[in-house]
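Secondary and tertiary structure notes
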Amino acid sequence: MNKVRINHLATGIPGLDAVLGGGLPEFSFNLLVGPPGSGKTTFAHQLMFALATPACSALYFTALGEPPLKMLRYQQQFSFFDNEKVNRSIRFINLGEDTAAGDTSRVLSRIATEVKKYSPALVFIDSFRSVLLASHQAGAAINSQQFILELGLLLVSWNATTFLIGEYAAEGDSSPIFCVADGLIWLRQTTQRNSIVRKMEIVKMRGQATLPGLHTFRITEEGLKVFSPTVLPTDSNRQQPLPRLSMGVAVLDEMMGGGLPRGYSLLVAGPSGSGKSILAASFLAEGARVGETGIIAAFEQRPHQARGPVVAELIASGRIGVIDTRTSTLSVDEIAMLLVQSIQRLGATRVVIDSLSGFELALAPTFREDFRESLARMLAALTNTGVTVLMTSELEDRYYELGFSPYGTAFLTDSIIMQRYVEIDSRLERVMAVVKMRASGHSNELRLFHIDDSGIKIDDRLATHAALLTGSPSRRHRKLNRPIAVTHE
């Protein structure tokens, strides 16, 4: 017996096809549900305008909701709206009078008549729940369950991909139609403090594997954009030893065993003002010097500010791309998607995230609980593209403990550079050390460094003092003349 092949339709909604597992099954019967204001009508229109053509026309039925003219007035504000398709590829039909009568058989008859007349490939009914509620109030002869069954039989004979749109405020709401439908897409809208976040879940989609979980989406002037988890295949061809990238600081490259291996993730941890952002800027500028393109996502300050004239010029010339982090209610998946898209568009090889602390604060509150898990997923997606990632992490100088990340994410990175403050002879000095370099030898020295107009300058090892990390170093009685120590992991 030959298997039936189901064609899949590209939805035209960025990110949605990946969540659906390859697109929308043709001739499927789908429910699009959620509370008022969650984006159901915009979702349906964006999908309809993307798919409708003269050879693949669409009918959009409206019930007791907005009249078509009012609805179109607002939908015209989106860039996906194409006025040339209205009354050609797309027709709007008002079921208001039929629905108000409370006679579901009359509604079914009207729908069937219009479908036979136009033979559409796409059918939308907004809102089907209004029909059910009106019939219930009027005590219709055909109850809700019968209406659903008869409508389902009609749908099978239409050879149309159908969407029924309805208001359901909570998952606890139940309806027999949930069992009949081939697909169930649930839109949610949550408010926490001063942020509003929209998410969707593909509760059901027969015959295909969808991405599980809640997926953030945003409504802009272009319509919906879905931010699905960015997961890319791991590069199984990674060769050892990997080529090394310069950090833009020659002595630091030496301390790292020859530079940072390409494709690694590096965490630069230290207190405020210790030079993390300056080192990140040096990393990007060095890449541009050798012909590589970089990307920066800056959360603590505007990317064009406080980076020095060299980096500012590289951003202006397009040799360093910038991720806009000014949007409210950010999610980790959204930033991951923007980064991956920019990497692919620019051919970037170096990425800076400055900083994780600012990143967390920029997120909508609902995303902060899963920050560690989402960050791990994002980091895997970025490194799997082959780029080298540098992240900075804000730390308090707590001399009674040695930590590298307030999120417990240090183990996720391939390399760690630690920066600290120490007090020596009544002066506040900076020290730096390479703490971790996976599968590579590196120096274990604690080196003084300073910052001047040209950037970071690493000084000699402070052999005359001990216990620097305690915050109260003691002076040695004699200088130790030992060679530079190199550890191997």
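Shown above is the structure to which this text applies.
What comes next is a walk through the structure. Just so it is clear, the model here is predicted, and its values are computed rather than measured. Every residue gets a number counted from 1 within its own chain, in the order that chain's sequence is written. A pLDDT threshold of at least 70 governs which residues receive local features in this predicted model, and a stricter bar of 80 or more applies before side-chain atom pairs are shown or counted, although totals over entire chains, interfaces and linings include all residues. Here the side-chain values reflect all heavy atoms present in the structure, with hydrogen atoms and water set aside.

**Things to note about the pairing of strand β17 (residues 350-354)**
The classification of residues rests on relative accessible area computed with a 1.4 Å probe and restricted to protein chains. Under 20% of the type maximum is buried, over 50% is exposed, and intermediate values are partly exposed. Counting from the N terminus, the helices are the DSSP runs of H or I reaching at least four residues and the strands are the DSSP runs of E reaching at least two. For β17, the tally of buried residues reaches five of five residues, placing the bulk of the element in the interior. A pair of strands is considered paired only if DSSP assigns at least 2 bridges between the two. In this sheet, β17 lies alongside strand β15 (residues 294-298) in parallel orientation, the contact comprising five bridges. Directly across from isoleucine 296, in β17, lies its bridge partner valine 352. Two elements, β17 and strand β18 (residues 388-394), share four bridges in a ladder whose sense is parallel. Paired with valine 352 across the bridge in β18 is leucine 390.

**A closer look at the sheet that holds β18**
Taken together, nine strands build an open sheet; the order of strands is β16-β15-β17-β18-β14-β19-β20-β22-β23 and the sheet is mixed. A single partner strand is all that each edge strand has here, and the edge strands are β16 (320-322) and β23 (455-461). Recorded for the sheet is a direction-independent mean angle of 25 degrees between the axes of neighbouring strands. Both strand β22 (residues 447-452) and β23 contribute to a ladder of five bridges, which runs antiparallel. Note that in β23 the partner of histidine 450 across the bridge is lysine 457. The contact criterion used is simple: two residues touch if any of their non-hydrogen atoms lie within 4.5 Å. Here an axis means a line fitted to C-alpha atoms, over the contact stretch when the element is a helix, while the angle between two N-to-C directions is reported on a 0 to 180 degree scale. Across the sheet, helix α10 (residues 276-289) touches β14 (265-270), β15, β16, β17, β18, β19 (415-424), β22 and β23, and the angle it forms with β17 is around 165 degrees. Against the sheet, helix α12 (residues 332-346) makes contact with β15, β16 and β17, and its axis sits at roughly 155 degrees relative to β15, the strand it touches most.

**Notes on the pairing of β19**
Burial analysis of β19 places nine of its 10 residues in the buried class, which makes it a mostly covered element. As defined by bridge partners, β14 adjoins β19 across four bridges and the pair is classed as parallel. Paired with alanine 269 across the strands is methionine 418, a residue of β19. Pairing between β19 and strand β20 (residues 427-437): 10 bridges, direction antiparallel.

**Brief notes about the packing of α10 against helix α11 (residues 308-316)**
Direction vectors running N to C along α10 and α11 enclose 55 degrees, while the axes themselves pass 10 Å from each other. With respect to α11, the axis of α10 lies oblique. Once α10 is placed against α11, the crossing between them reads as left-handed. Along the contact surface, α10 presents Ala281, Ala285 and Ala288, while α11 presents Val310, Val311 and Leu314. Three residue categories are used. Nonpolar comprises Ala, Val, Leu, Ile, Met, Phe, Trp, Tyr, Cys and Pro, charged comprises Asp, Glu, Lys and Arg, and polar comprises the others, including Gly. In terms of residue class, the contact of α10 with α11 is built from six nonpolar, no polar and no charged. Here the angle decides the label: under 35 degrees means roughly parallel, over 145 means roughly antiparallel, 65 to 115 means roughly perpendicular, and every other value means oblique. Here a crossing is called left-handed whenever its near helix is offset anticlockwise from the far helix by less than a right angle, and right-handed whenever the offset is clockwise.

**Thoughts on the nonpolar core**
Residues Phe43, Phe124, Ile185 and Met200 are the most contacted members of the largest nonpolar core, which totals 36 residues. By residue number, the principal contributor to this core is helix α2 (residues 40-51), which donates six residues. Apart from residues lying up to four places away in sequence, methionine 200 is in contact with Leu16, Phe43, Trp186, Leu187, Gly213, Leu214, His215, Phe217, Leu224 and Val226. Side-chain atoms within 4.5 Å are what join buried Ala, Val, Leu, Ile, Met, Phe, Trp, Tyr and Cys residues into a set we call a nonpolar core. Of all hydrophobic cores here, the second largest spans 31 residues; its members include Leu279, Phe283, Leu390 and Phe449.

**Some words on the packing of aromatic side chains**
Any pair of Phe, Tyr and Trp rings, taking the six-membered ring for Trp, is counted once the centres come within 6.5 Å. Such a pair is stacked with planes under 30 degrees apart, edge-to-face with planes over 60 apart, and tilted for the rest. Taken as a whole and judged by the stated rule, the model has nine aromatic pairs. Between the aromatic rings of phenylalanine 49 and phenylalanine 81, the centroid separation amounts to 4.7 Å while the plane-to-plane angle is 45 degrees, which identifies the pairing as tilted. Taken together, the residues phenylalanine 49 in helix α2 and phenylalanine 81 in the loop between α3 (68-75) and β5 (90-94) connect sequence positions 32 residues apart. By the burial criterion, phenylalanine 49 is buried, and phenylalanine 81 matches it.

**Observations regarding the side chain of aspartate 354**
Relative to the elements of secondary structure, aspartate 354 occurs in strand β17. Owing to a relative accessible area of 1%, aspartate 354 belongs among the buried residues under this scheme. N or O atoms closer than or at 3.5 Å make up a polar contact, with two conditions inside protein: a donor-capable atom paired with an acceptor-capable one, and, for residues adjacent in sequence, both atoms drawn from side chains. In terms of polar contacts, aspartate 354 uses its side chain to reach the side chain of serine 277, at 2.6 Å.

**Description of the environment of proline 67**
In this fold, proline 67 is placed in the loop between β4 (58-62) and α3. Since its relative accessible area comes to 41%, proline 67 is described here as partly exposed. Along the backbone, proline 67 and isoleucine 93 are 26 residues apart, and their C-alpha atoms lie at a distance of 9.3 Å.

**Description of the pattern of salt bridges**
The salt bridge definition used is simple: a Lys or Arg side-chain nitrogen within 4 Å of an Asp or Glu carboxyl oxygen. Taken as a whole, this structure holds 14 salt bridges when the rule is applied. Among the salt bridges present, the one from arginine 289 reaches glutamate 286, with a minimum N-O distance of 2.8 Å. Of the two residues, arginine 289 and glutamate 286 both sit in helix α10, three residues apart, roughly one turn of that helix. The network of salt bridges with shared partners includes Arg262, Glu292 and Arg350.

**Considering the sheet that holds strand β7 (residues 161-167)**
One open sheet holds the nine strands; their spatial order is β5-β4-β6-β7-β3-β8-β9-β10-β11, and the pairing between them is mixed. The outermost strands of the open sheet, each flanked by one partner alone, are β5 and β11 (223-227). Ignoring which end each strand starts from, the neighbouring axes of this sheet average 20 degrees apart. In this sheet, strand β9 (residues 195-205) lies alongside strand β8 (residues 183-192) in antiparallel orientation, the contact comprising 10 bridges. Counterpart to isoleucine 185 in the pairing with β9 is isoleucine 202. Each of β4, β5 and β6 (122-126) touches helix α5 (residues 104-118); the most contacted strand, β4, lies at about 160 degrees to it.

Keep in mind these numbers describe shape, not what the thing actually does.
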